[in-house]
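Residue strings, one per chain:
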Amino acid sequence: MKKIQRLVLDLFFVLCWSSLYAQTIQVLVPASAEKWILVPKSDIGLTWRSKLSYDQTGWRRCSGSPGGVGYETGSGYEQWITLDTREDMHQSGKSPNTSCYIRLKFSLTAEKISSLGALNLNVWYDDGFVAFLNGEKVAEANAPASLTWNAAAAGDHEAAGPETFDISNYKNLLRVGENLLAVHALNNSITSSDFLFNVEIAIAGNPFSHFTVSNLPLVYIDTGGKWIPDEPKIPARMGIVYHGVGNLHKLDEPFNDYNGLIGIETRGSSSQSWSKKQYAVETWSAVNIDTAVSLMGLPKETDWILNAPFIDRSLMRDVLAYDLYRRMGRYASRTRFCELFLNGQYKGVYILMEKIKRDRWRVNISKADSTAVSGDALTGGYIFKIDKEDGAQRDGFFSKYRPVNGANRRVYYQYHYPSSEKITSAQKAYLRSYVNTFEDMMYSSNYNDPKTGYPKWINVDSFVDFFIISEVSKNVDCYRLSTFMYKDRDSKDPLLYMGPIWDYNLAFGLADYYDGEDTDGWMLEELLRNTGEDFPVPFWWQKLFQDPKFNHRIKQRWYELRSSVYDVARIHAYIDAVADTLNEGQARNFAIWPGPGKPGEGFWPMPNIFYTFRTYRDETNYLKYWIERRIRWMDENVLKLSETLGRSDSVLPQDFALLPAFPNPFNPSVNIVYELKRTANVFLGIYNTRGECLRVLQQGEQSGGRHQVQWDGLTEAGSPAASGVYYARMFVDQSRGFSQSIKLLLLR
């Protein structure tokens, strides 16, 4: 059935497809423009970067569409390459080099120069480059510190599409008449299977020159025209206009929240291929000197994230997930929506987030003691994570155990606090030993022993809460990527905690792999079975999921949260409120970035149904629809957790209890859940405010355990009950005197 549904969506996508999003962009110099290419065999000096009349004898001409320079030994880049450089740059050739020189001349009139708006380079590159406009460096990516004639790129970079580099601050370098764009393109190795470079010069107009006020805070960053690298951070200035949530912020007023120095770098992994960049920011009192400040009313700290919602056209999936997690009583990064201006150019809606750090307002654990080599001071605090090996804080260690799907790739644990630069050898040894011992225990047959097993090692409720938020959202990265854990000193709290959660932009139906778009199925089971060599889930999650006591706590916690945090009507109202807040900002954002229904770039796992959307409300309405269906599925299947894995739930409740009903308020039906600590005679009925019993839902003996019944809003006679307040009342072994009532609200 799912395959048929997806085929229908594919067909609908084809039928509904329309032209690419119209943006205010004019190509000044196309990618197919004539270029002259040289792979140097020796040092030829630097005048090729600046001299218009440079002697190009020995250079090769590249002209015509598609216009790219490079080579491809497999498949992928051949569609973009006009001039093949394999013989000069691959190890199979003679005297290969990782550097490639490119010269591109173009002419401008005085009128054209005076009318220029934003000036951009749209660049396809694998693996790096440095660009010079009339001899001055204007952009770079993955460039080494020393740019010699035989230099190599500083790292890998796949060219999934063009990336935009704003060089507007260098418009003064343009001349009337002939100009020169010179590029030192870089491959990372002569053994590399591919290499690519191409560029176009574009004018990007700002459609919001009349934009004067916003209900979102305004963030201004000025790098002095410098390109922002992946790392290290470069100095810049930042100013913020903030008058509180819900108030107006004018573009022409002075900075009142922050006005000072920062360090800034791009961040992310897969998102690095997107043209809307994410940034990590440190507030500085002087270059490389951190200073803690409060930004937009958030607690003081030095490290912040400017998150760039791009694939998520609702703009709110991360914010929603973090809000849910905080409402569950857990720490998650506090957030503020804002609008960003970078070097004078509008960059759209961003989200200021707290970076995951140890402090009293974030992860509140003990400060690590760098002098400790033994004893209690060495036991905490630590924050570590499971993540890709290409992000920040990469140092760590591999699990001793293979994943349950038999893959060879093992889980990689990374140091986060203390950072990989500051953690001592003694701290590394302790944390590695701690995790190894924990995994040894989980691998053993008595892993669930109440005295020696996981109940003595972990804060069970933190693992349960992590499971619930991961499953409600069906985050395809959960359990295996951006997955944080922390531990305090043994003297304060010896248990291991899951969390905080991080990176939920591919959640709530926004991923076309690992069944992320579907509202049914357990994500944990899907990832345990099918991740293969692709960042596996730790084996111990399956062990926990097989334990009846762990499942019982999931059930208890779900019903505790269902009528409050996970009340569908409450979540819908929250989404509507955020959408209203973003109403004006999202329109400006999607005027410069691809909007609902439009294709993306680079890593882009968006399910086909999203291509049918045409408005922002389509996005947020679908988000509400998906969440409602997912929660309904959870309601039906939380009770079956043990059955799913062929186990009977042998854990009985500790008492008799009538749990919160859901949904509540309701229309037309409500689910009522109750627990029995032993076999007992149970009477459960629906009463009106006058104390009259309108409907008997259960009467007679029932076994111990958890039970669920549904009231369909009808009386015993089959007539619809009117809107109003009702009570579900449970009596157990009436002669023993136990009874309990809960209030229900029916809204017709």
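Attention in this report is confined to the structure presented alongside it. (Residues numbered from 1 in each chain as written. Predicted model: local features only at pLDDT ≥ 70, side-chain atom pairs only at ≥ 80, totals over all residues. Heavy atoms only, no water.)

### Remarks on the sheet that holds strand β3 (residues 60–62)
Condition: Only strands that DSSP links by at least two bridges are regarded as paired with each other. Note on conventions: DSSP H or I runs of at least 4 residues are helices, E runs of at least 2 residues are strands, and numbering of each starts at the N terminus. Axes, fitted as lines to C-alpha atoms, cover a helix only where it is in contact. Angles between the N-to-C directions of the axes lie from 0 to 180 degrees.
With antiparallel pairing, the 6 strands of this open sheet are ordered in space as β3-β2-β6-β11-β8-β9. Edge positions in the sheet fall to β3 and β9 (136–141), since each of these pairs with one other strand and no more. Along the sheet, successive strands turn relative to each other by an average axial angle of 25°, direction set aside. Pairing geometry for strand β6 (residues 99–108) and strand β11 (residues 177–186), over 10 bridges, is antiparallel. The partner of Cys100 across the bridge, within β11, is Ala185.

### Looking at the sheet that holds strand β25 (residues 412–417)
Note the following rule: Contacts: residue pairs with any heavy atoms within 4.5 Å of one another.
Taken together, 5 strands build an open sheet; the order of strands is β24-β25-β23-β26-β27 and the sheet is antiparallel. Since the sheet does not close on itself, it has two edges, and those belong to β24 (396–398) and β27 (496–498), each with one partner. Adjacent strand axes in the sheet meet at a mean angle of 25°, parallel and antiparallel pairs treated alike. Direction of pairing for β24 relative to β25: antiparallel, over a ladder of 3 bridges. Counterpart to Phe398 in the pairing with β25 is Tyr412. Of the strands in this sheet, β26 (483–487) and β27 are in contact with helix α6 (residues 460–473), which crosses β27 at around 15°.

### Some thoughts on the state of the cysteines
The cut-off we apply is this: What counts as a disulfide here is a pair of cysteine sulfur atoms lying within 2.5 Å.
Counted by the stated rule, this structure contains 0 disulfides. The thiol of Cys100 is unpaired, and the distance to the nearest cysteine sulfur, on Cys62, comes to 9.5 Å.

### Describing the pattern of salt bridges
The criterion, for reference: The term salt bridge refers to a side-chain nitrogen of Lys or Arg lying within 4 Å of a carboxyl oxygen of Asp or Glu. Only protein chains enter the area calculation, which uses a 1.4 Å probe; residues under 20% of their type maximum are buried, those over 50% are exposed, and those in between are partly exposed.
Applying the stated criterion across every chain yields a total of 34 salt bridges. Between Lys624 and Asp576 there is a salt bridge, with the nearest N and O atoms lying 2.9 Å from each other. Here the residue Lys624 occupies a position in helix α12 (residues 616–638), and Asp576 occupies one in helix α10 (residues 568–581), the gap between them amounting to 48 residues. Lys624 sits in the buried class, given a relative accessible area of 14%. With relative accessibility at 25%, the residue Asp576 sits in the partly exposed group. Via salt bridges that share partners, Arg330, Asp461, Asp465, Arg553, Arg557 and Glu560 belong to a single interconnected network.

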